[in-house]
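Understanding the architecture of this molecule
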Amino acid sequence: MFEKIIISSEPSSEKNDLTECMKGFRRLGAKKCLLLYCLDPYEGGAKVSSFYQKTLEKYSEKQTVILEGLGYKVETKVEIGEPDDEVNRLARDKGYSLAAVGGTTHSILWEKFLGGMEYKIIRHSKIPTLVVRITELHDDEHLVEKCDITDRILFPTDFSKNSMRAFDLILEMVKAGVKNVSILHVAEKNTGDEVTGDIMDRLQELEAELVKAGVEKVQVEILFGEPSDEIISYAKESDTTLVVMGTQGRGFLQEIFIGSVSHDMVRKSPVSVLLVPAER
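In what follows, the accompanying structure is described. Because the structure is predicted, anything quoted here is derived from the model rather than measured. (Residues numbered from 1 in each chain as written. Predicted model: local features only at pLDDT ≥ 70, side-chain atom pairs only at ≥ 80, totals over all residues. Heavy atoms only, no water.)

The next subject is the overall build of the protein chain. The secondary structure content of the protein chain amounts to 11 helices and 11 strands. Contacts in the protein chain between residues far apart in sequence, at least 24 positions, make up 80% of those at least 6 positions apart. (Helix = DSSP H or I, 4+ residues; strand = E, 2+ residues; numbered from the N terminus. Contact = heavy atoms within 4.5 Å.)

Structural data, given as structure tokens:
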């Protein structure tokens, strides 16, 4: 499933602990991690200085120690170029099946959102992308919440084709050892009882598939209101550790301007999010 993982990050104190959140995926069968550092092609020459090289080496050594301690085989790769292009090339040519990046909760900062390394990967990755939630402390330091992010999974669904691609991935995760899954559908506030009953029937069909796959605990919920708000509230209240959801197929940049659920979750989710891209 996720045998080979790309961890794409930059030498930064706020992302030093990203690797510690990969332990759950190790238990699901992941074996190899590639630490990928992509330098801006317009700044690559300036960045490849002795100071930067030492900073990069120190940072990658720390990440390597953490990952090897979790049982991963680790490689490091430095490229000058666009990170999304490199991630997709590695997925196509080398069989990597998951990209992991760090993310902080924040309002839209256009210069960072449109140009940041993490968001380039999120927008264009052809493989599932794990956005590991980094939380901000009152003293302006940062950390990644150290937990097994595969412990309690939340699957919000609108029953679309791409949402069901995400569900198929969850079935694989359950077969590999995930034990606790919540299924959530957010309906419009004026949804009638008959439609609500039909929705519950569909959710219970998904529940039955998860039970057959070996899950130990399933929660099924219908909420009413704005999807991203309800999903975020439920994630907080239910101690969710990972939201698994599909992204829309029309392209992430277009989603920014229409306020898509997947975009809101990347920006606002209190927990990590695994985004499953549409089939291309």
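Now, onward.
Considering soluble globular proteins, one finds that nonpolar side chains tend to be buried as a cluster. The biggest cluster of nonpolar side chains holds 48 residues, and the ones touching the most others in it are Phe25, Leu130 and Leu210. Among the elements that make up this core, the one with the highest residue count is helix α7 (residues 161-176) (7 residues). Listed in part, the 31 residues of the second largest apolar core include Val87, Leu184, Tyr234 and Val243. (Core = buried A, V, L, I, M, F, W, Y, C linked by side-chain atoms within 4.5 Å. Buried < 20%, exposed > 50% of the residue type's maximum accessible area, 1.4 Å probe, protein only.)

We now examine the side chain of Asn180. Tracing the backbone shows Asn180 in strand β8 (residues 180-187). If sequence neighbours within four positions are ignored, Asn180 has contacts with Asp151, Arg152, Ile153, Val215, Lys217 and Gln219.

Turning our eyes to something else, we now look at the pattern of salt bridges. Considering all chains together, one arrives at 7 salt bridges under this definition. The partner of Lys32 in a salt bridge is Glu75, with the nearest N and O atoms 2.9 Å apart. In this pair, Lys32 sits in strand β2 (residues 32-39) while Glu75 sits in strand β3 (residues 73-80), placing the two residues 43 residues apart along the sequence. When its relative accessible area of 18% is taken as the criterion, Lys32 is described as buried. (Salt bridge = Lys/Arg side-chain N within 4 Å of Asp/Glu carboxyl O.)

Residues Asp168, Glu172, Glu194, Asp198, Asp201, Glu205 and Glu209 make up a contiguous surface patch of negative charge. Contributing elements (two or more residues each) for the negative patch: α7 and α8 (193-213). With 5 residues, α8 is the largest single contributor of residues to the negative patch. Along the polypeptide, Glu172 turns up in helix α7. (Patch = residues over 30% accessible without salt bridge, like charges linked within 9 Å, V, L, I, M, F, W, Y side chains within 5 Å. Areas by Shrake-Rupley, 256 points an atom, 1.4 Å probe, with all protein chains shown as cover. Lys, Arg positive; Asp, Glu negative; His and termini not counted. Charge placed at Lys NZ, Arg CZ, Asp CG, Glu CD.)

On to helix α9 (residues 227-237), then. Buried residues of α9: Ser228, Ile231, Ile232, Tyr234 and Ala235, and no others. All buried residues of α9 lie within an arc of 165° about the axis, which places them on one face of the element. Seen from the buried face of α9, the exposed residues on the opposite side, beyond 90 degrees, are Lys236 and Glu237. Elements that come into contact with the buried residues of α9 comprise β7 (153-156), β8, β9 (217-224) and α11 (261-268). (Arc of directions from axis to C-beta.)

Another aspect to go through is the packing of aromatic side chains. By the definition in use, this model includes 3 aromatic pairs. With 5.5 Å between their ring centres and 40° between their planes, Phe155 and Phe167 make a pair best called tilted. One end of the pair, Phe155, is in strand β7; the other, Phe167, is in helix α7, and 12 residues separate them in sequence. The buried category is assigned to Phe155, whose relative accessible area is 0%. Here Lys4 stacks its cationic end above the ring of Tyr96, 4.7 Å away from the centre of that ring. (Phe/Tyr/Trp six-rings, centres within 6.5 Å; stacked < 30°, edge-to-face > 60°. Lys NZ or Arg CZ within 6 Å of the ring centre and 35° of its normal.)

Looking now at the packing of α9 against α11. Look at α9 against α11: their axes get within 9 Å of each other, and the N-to-C directions meet at 40°. It follows that α9 is oblique to α11 by the angle criterion. Where α9 crosses over α11, the handedness of that crossing is right-handed. Contacts between α9 and α11 involve Pro227, Ser228, Ile231 and Ile232 on the former and, on the latter, Val261, Asp264, Met265 and Lys268. Its residues assigned to classes, the contact of α9 with α11 comprises 5 nonpolar, 1 polar and 2 charged. (Axes fitted to C-alpha atoms, helices over the stretch in contact; angles between N-to-C directions. Parallel < 35°, antiparallel > 145°, perpendicular 65-115°, else oblique. Left-handed = near helix turned anticlockwise from the far one by under 90°. Nonpolar A, V, L, I, M, F, W, Y, C, P; charged D, E, K, R; others polar.)

With respect to the helices and strands, the residue Lys120 is situated in helix α6 (residues 117-124). On the accessibility criterion, Lys120 (17% relative accessible area) is buried. Separated by 2.8 Å, the side chains of Lys120 and Glu82 make a polar contact. (Polar contact = N/O pair within 3.5 Å; in protein donor to acceptor, adjacent residues only side chain to side chain.)

Here the focus is the packing of α7 against α8. Packing of α7 against α8 leaves a shortest axis separation of 9 Å and a crossing angle of 25°. With respect to α8, the axis of α7 lies roughly parallel. The two elements α7 and α8 meet at a crossing, and its hand is right-handed. Between α7 and α8, the residues in contact are Met164, Phe167, Ile170, Leu171, Val174 and Lys175 and Leu206, Glu209, Leu210 and Ala213, respectively. When its residues are assigned to classes, the contact of α7 with α8 shows 8 nonpolar, no polar and 2 charged.

Geometry only, nothing functional implied.
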